[in-house]
Amino acid sequence: MQDITHVLFDLDGTLIDSAPAILASYQAAFAAAGLSPARPLDTSIIGPPLLETIAGLFPAASAAQHAQLAAGFKHSYDREGYRQTSAYAGIGEMLEALRRAGLTLGIATNKRLHPTELILEHLGWRQHFAAVYALDMISPALPNKAAMLTHMLGKEQIDPASAVYIGDRAEDGQASDANQLAFIAARWGYGSLSATALQAHWQQADTPQALLALLQG
């Protein structure tokens, strides 16, 4: 892609397979609270912010119960759970190639900042990213991914015309559109972006290798 100097990534379902870690920590949180989720704990719940996911899993609960479940999830995930996170095949090599090509890499994720940093260190990736942004990096927390990208572009002084965002969910494409960013759908993840959900102006890549070729083309 000509004139692109910044490549910004979603995290869950785009760079990492975090499903085993996330689902195990939700299970631990519900078990510790003596509660049962209202829907199955499967990959369809992964992507939204923590409290939004908990509200969907247990809509009849009180705010105090939601807070208890969130605390239980954090206790499990931030101590040991995140270590179950793995990279999708080819991602590490792709990041190395992009950095060697002189592109500036960043992350904009719905995941909380603390476990994001833990995972990047765990995978040995922290040096790849010039900037890591999360909804909870400021207080009050940013309301959604579109606002986070706006914040990131402003703080890092990135011209939207020189950047591309890569994610696995329709939310990621819509947040890109709201910021006049080019968007590439990562089709290898577990997000909601089926072929029918793709907008005509969005690009797509079926593998990290295909994404690398697209970015270097």
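First, a word on scope: everything that follows refers to the structure included in this document. As the structure is a prediction and not an experimental result, all values here were calculated from the model. (Residues numbered from 1 in each chain as written. Predicted model: local features only at pLDDT ≥ 70, side-chain atom pairs only at ≥ 80, totals over all residues. Heavy atoms only, no water.)

This part covers the sheet that holds strand β1 (residues 6–9). Spatial ordering of the open sheet is given by β5-β4-β1-β6-β7-β8, a layout of six strands whose pairing is parallel. Each edge of the sheet is formed by a strand with only one pairing partner; in this case those strands are β5 (129–134) and β8 (203–205). Neighbour-to-neighbour, the strand axes of the sheet open up by a mean angle of 25 degrees, direction not taken into account. Alignment of β1 against strand β6 (residues 163–167), held across four bridges, turns out to be parallel. Counted as the bridge partner of F9 is I166 from β6. Those strands touched by helix α4 (residues 91–100) are β1, β4 (104–109) and β5, and its axis lies near 155 degrees from that of β1. Helix-sheet contacts for helix α7 (residues 170–178) involve β6 and β7 (182–186), and the interaxial angle to β7 is about 170 degrees. (Pairing = 2+ DSSP bridges. Helix = DSSP H or I, 4+ residues; strand = E, 2+ residues; numbered from the N terminus. Axes fitted to C-alpha atoms, helices over the stretch in contact; angles between N-to-C directions. Contact = heavy atoms within 4.5 Å.)

Before going further, it helps to spend a moment on the pairing of β4. Most of β4 is tucked away: five of the six residues are buried. In terms of strand pairing, β4 meets β5 through five bridges, oriented parallel. The partner of I107 across the bridge, within β5, is V132. Taken together, β4, helix α5 (residues 113–123) and β5 form a β-α-β motif whose crossover is right-handed. (Buried < 20%, exposed > 50% of the residue type's maximum accessible area, 1.4 Å probe, protein only. Right-handed = clockwise from strand over helix to strand, strands pointing away.)

Note on backbone geometry: most residues besides glycine have negative phi, and most peptide bonds are trans. Across the junction of S139 and P140, the peptide omega takes the value 0 degrees, indicating a cis bond. Position of P140 relative to the elements: it lies in the loop between β5 and α6 (145–156). Notably, Q157 is not glycine yet its phi reads approximately 55 degrees, a positive angle. Looking at the secondary structure, you find Q157 in the loop between α6 and β6. Residue classification places Q157 among the exposed positions, given a relative accessible area of 72%.

Burial analysis of β7 places four of its five residues in the buried class, which makes it a mostly covered element. Pairing between β6 and β7: four bridges, direction parallel. Across the sheet, the residue bridging to V164 is A182, located in β7. Regarding the hand of the β-α-β motif, the stretch spanning β6, α7 and β7 is right-handed. By the bridge criterion, three bridges tie β7 to β8 in an arrangement that is parallel. If you follow A185 over to β8, its bridge partner there is Q204.

Regarding helix α2 (residues 50–57), the residues found buried are L50, T53, I54 and L57. Each buried residue of α2 sits inside an arc of 100 degrees when the element is viewed along its axis, so together they form one side. Seen from the buried face of α2, the exposed residues on the opposite side, beyond 90 degrees, are L51 and E52. (Arc of directions from axis to C-beta.)

With that settled, consider the nonpolar core. Grouped burial of nonpolar side chains is what soluble globular proteins tend to show. Counting residues in each nonpolar core, the largest one holds 52 residues, and the members touching the most others are F9, L15 and F129. At eight residues, helix α1 (residues 19–33) tops the list of elements feeding residues into this core. The residues touching L15, leaving out its near neighbours within four places in the chain, are F9, D10, A87, Y88, I91, M94, L95, I107, W125 and F129. In terms of nonpolar packing, the next biggest core, distinct from the first, is built from 21 residues, L142, L149, A163 and L193 among them. (Core = buried A, V, L, I, M, F, W, Y, C linked by side-chain atoms within 4.5 Å.)

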